[in-house]
Amino acid sequence: MATGGLTVEHHGIHPAPPKPGWEKLPWQECRPRASRVRVLEHTCECQDIVYELCQAGGLLFTRRHYRAADGTVVSESEWLRSVPGRRLWTNILLGHFR
């Protein structure tokens, strides 16, 4: 996209590097709990780990796609109500959780 003669590349959100004292999340294997899952937000595809804020059945959860040499491993956080789910997403983006 050109803006005033400049070319602008589009990238998604990049999570901050882990902060001192960051906490490891208990990532779980993905299980089909709902027939539809809506991705509300996601981090940039240029990273080895891509996070998605998802909504299903009135709950929020974060899905993590870890791209390794032997394939992609997909896992998810616990399913939470709206406010705690958004708080978890924000803390992942800020580097407090991984």
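Here's what I pulled together on the structure shown here. (Residues numbered from 1 in each chain as written. Predicted model: local features only at pLDDT ≥ 70, side-chain atom pairs only at ≥ 80, totals over all residues. Heavy atoms only, no water.)

The next thing to look at is the overall build of the protein. The helix and strand inventory of the protein stands at one helix and seven strands. Within the protein, buried positions represent 32% of all 98 residues. For the protein, the share of sequence-separated contacts (at least 6 apart) that also reach a separation of at least 24 residues comes to 49%. Carbon and sulfur atoms provide 52% of the accessible area of the protein, an area that totals close to 6,800 Å². (Helix = DSSP H or I, 4+ residues; strand = E, 2+ residues; numbered from the N terminus. Buried < 20%, exposed > 50% of the residue type's maximum accessible area, 1.4 Å probe, protein only. Contact = heavy atoms within 4.5 Å. Areas by Shrake-Rupley, 256 points an atom, 1.4 Å probe, with all protein chains shown as cover.)

Our next topic: the nonpolar core. Counting eleven residues, the largest nonpolar core is built from L25, W27, Y51, L53, L60, L80, L88, W89, I92, L93 and F97. Of all the elements in the fold, those that place two or more residues in this core are β5 (49-56) and α1 (82-93). Once residues lying within four places of it in the same chain are set aside, the contact partners of L88 are L25, T62, S77, L80 and F97. (Core = buried A, V, L, I, M, F, W, Y, C linked by side-chain atoms within 4.5 Å.)

We now examine the pairing of β5. Counted residue by residue, β5 has six buried out of eight residues, so it is predominantly covered. The pairing of strand β4 (residues 38-42) with β5 spans four bridges and is classified as antiparallel. Bridging from a neighbouring strand, E41 pairs with L53 of β5. Between β4 and β5, which pair antiparallel in sequence order, lie six residues. As defined by bridge partners, β5 adjoins strand β6 (residues 59-68) across eight bridges and the pair is classed as antiparallel. Looking across to β6, one finds that Y51 is bridged to R64. Hairpin geometry of β5 and β6 is characterised by an intervening segment of two residues between the two adjacent antiparallel strands and by a positive phi of about 55 degrees at G57. (Pairing = 2+ DSSP bridges.)

Scanning all chains against the criterion turns up two aromatic pairs. Ring centres of F61 and W79 lie 4.2 Å apart, and the angle between their planes is 5 degrees; on these two criteria the pair is classed as stacked. Here W79 lies in the loop between β7 (71-76) and α1 and F61 lies in strand β6, a separation of 18 residues in the sequence. For the pair F61 and W79, a shared accessibility class is recorded, and that class is buried. Directly above the ring of W79 sits R33, whose terminal nitrogen or CZ lies 4.0 Å from the centroid. (Phe/Tyr/Trp six-rings, centres within 6.5 Å; stacked < 30°, edge-to-face > 60°. Lys NZ or Arg CZ within 6 Å of the ring centre and 35° of its normal.)

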